[in-house]
Amino acid sequence: MIVLKPAEMRAVDKAAIEAGFPGVMLMEIAGRAVADKVVKFIEPGSKVLIFIGKGNNGGDGLVAARYLDTEGYNVQLILLAGEDSLSDSSLMNYRLCKLRSINTLKIDTIGTDYQEVKNLLAACDIVIDAILGTGISGSIRGRAADLIELINNVDKKVLAVDIPSGISGENGSVLGKAVKATWTLTMAYPKPGLLLYPGRKYCGQIGVVDLTVPEKFVLNEGCSHYTLTCSEALDWLPTREKTGHKGSFGKITVIGGSPGMDGAPVLTGLAALKTGAGLVRLAIPGDTLSISSAYSPELITTPLTKSDNNEPDWNIISKVMADSDMIVAGPGFGRSKTSSEVIKKLISTYHKPLLIDADGLNVIDDIKLLKQRKETLILTPHPGEMARLLDEEIKVIQQDRIKIARQFAVDKQLYLVLKGAATIIALPDGKIYINTTGNEGMATAGSGDTLAGIIAGLLSQGLAPEKAVVLGVYLHGLAGDLAVQDTTSYSLMAGDLIDYIPAAIKKLIAGSGGELK
Ligand SMILES: NC(=O)C1=CN([C@@H]2O[C@H](COP(=O)(O)OP(=O)(O)OC[C@H]3O[C@@H](n4cnc5c(N)ncnc54)[C@H](O)[C@@H]3O)[C@@H](O)[C@H]2O)[C@@H](O)CC1
Ligand SMILES: [K+]
């Protein structure tokens, strides 16, 4: 699904309006959808308190007020602007509200103790937040900040129109104060700020309203941000040929492991098998091999080093390279001379898809090598590994994850998965996917190893790299979301993620995956 930044959304709206879609009609569709959402959850007769800002976000709230009044709700408006400062479409709707005698409390009559607002908040059944939408600039000004705090101080259901007021649609930051919503109904397309933290925490459940503007207006204006929905994820899931054999579902080699880190490549290998790979081989340094190979009978193992001196065995490595459809390198590999030499060799001489994770990333000392590689390269760093690759501090990476991920992916022409809450996937053509699945329980040792395995499992079944990385991240998060329901976020472990891959796939097939949670 396309995700639009506020400026992109405005450009699309402008183009649609110029082409003949009346702005007032778009507002009507938006407000009607807000009213429908209230009708779905609360009975007629209930008290609906609607906060109206002076922009078009407020206009959406005024349309909702008209419909809810028509349908027998007890509607009360709190108008945060003088009538004369409302936009034309909003003013028209405000007048229609007045014609219906909808109760209105105006900002200039609200005392500085806000007692009347507090009373209305205490008595209402639901709050609609139509204070500010994507037109916000800078930190919340004026009395809007006080009202947002009052809304957050009562324990009521809150429906945010388009975006919780105070959240930046651009990047999800809190601009001073922001409404904590139960639901957010976003207009036309989700905005990055709804999907990125901290904004995402403020949105509650997100729904998207179809404003009936054809997608060609978006495509004409250009877009670069996306998020995968459940139905798209199902479309992308590789189909399994009835007559397929293990060769047709791909042979993966996982290169990694080191003393004390013998389980990491096993997690990657098992996750790949559970996702559907035909065959997984682990190539492990000799001193660790017997431990890793003891974990699971489904995994084939090969020694990566010579038995006498534990140096890389280049003959075996060449055979492994020739015999694999793709390689995952790095899980538990340690930062030894062996791992550094092997990773370098793979980057420069392995001509099939290569995924580098964990210590495989930590031993790359010359990032120019990455750029020289022509074949598919996928990197899956967490912020610490990304910081190391760029020789930056983690906080610099976290300040603008999308920009950093995109620059790296485009410059080095690779697929970059920057892990973390709301994982960012940057493609070599500059496209960005923001992932919506996953939870804090997944911040646990080995979780990244399983992600590498899931992506490899999809790629080895023939999925294009772009789809394998995006769907892999989605499935990994979905497995985590299903696992956490049984384990709690305290007890979730990487092995649980593997155990729940089948449930995640089943959920996709049943069409009930985490659609914009
Ligand atoms: N054609 C369109 O553009 C459509 C827009 N829609 C709605 O319109 C919204 C965007 O409308 P607008 O562009 O009018 O923007 P907003 O409704 O977000 O409000 C902008 C107004 O808020 C004030 N403001 C800006 N920053 C502020 C701050 N930091 N503190 C206090 N006040 C501040 C400004 O005076 C400005 O006039 C969307 O979020 C959506 O809800 C929908 O009606 C559908 C169609
Ligand atoms: K809002």
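You'll find the structure just up there.
Residues numbered from 1 in each chain as written. Chains lettered and ligands numbered in written order. Predicted model: local features only at pLDDT ≥ 70, side-chain atom pairs only at ≥ 80, totals over all residues. Heavy atoms only, no water.

Engineer: Outline the pattern of salt bridges, supporting the account with residue identities and numerical values.
Structural biologist: All chains considered together, the criterion is met by 22 salt bridges. As a salt-bridge pair, D162 and K191 come within 3.0 Å of each other at their nearest N and O atoms. Placement of the pair is D162 in the loop between strand 6 (157-161) and strand 7 (183-187) and K191 in the loop between strand 7 and helix 7 (192-195), with a sequence separation of 29 residues. What makes D162 buried here is its relative accessible area of 7%. Here E341 ties to K337 by a salt bridge, and the two come within 3.4 Å at their closest N and O atoms. Of the two residues, E341 and K337 are both situated in helix 14 (residues 337-349); the distance of 4 residues between them amounts to about one turn of the helix. In this structure E341 comes out as partly exposed when scored by relative accessible area, which is 27%. Taking relative accessible area as the criterion, K337 reaches 58% and is therefore assigned exposed. Each of R32, D36 and E71 takes part in one network of salt bridges that share partners. (Salt bridge = Lys/Arg side-chain N within 4 Å of Asp/Glu carboxyl O. Helix = DSSP H or I, 4+ residues; strand = E, 2+ residues; numbered from the N terminus. Buried < 20%, exposed > 50% of the residue type's maximum accessible area, 1.4 Å probe, protein only.)

Engineer: Got a sec to walk through empty space enclosed by the protein? Specific residues and values, please.
Structural biologist: In the structure shown here, the tally under the stated rule is 2 cavities of 30 Å³ or more. Within this model, the largest cavity holds a volume of roughly 40 Å³. In terms of lining, the largest cavity is formed by S340, I343, K344, I347, V363, I364, D365, D366 and L369. Of all the elements, helix 14 adds the most residues to the lining of the largest cavity, at 4 residues. Looking at the lining of the largest cavity residue by residue, the class counts come to 5 nonpolar, 1 polar and 3 charged. In terms of lining residues, the second largest cavity is bounded by T227, L228, I425, Y433, I434, N435, T436, V470 and Y474. Looking at the lining of the second largest cavity, the elements with two or more residues in it are strand 18 (432-434) and helix 21 (465-491). (1 Å grid on protein atoms, 1.4 Å probe; cavity = no way out; pocket = protein on both sides within 12 Å on 5 of 7 lines; lining within 4 Å. Points joined across faces, edges and corners; volume = space filled by probe spheres on them. Nonpolar A, V, L, I, M, F, W, Y, C, P; charged D, E, K, R; others polar.)

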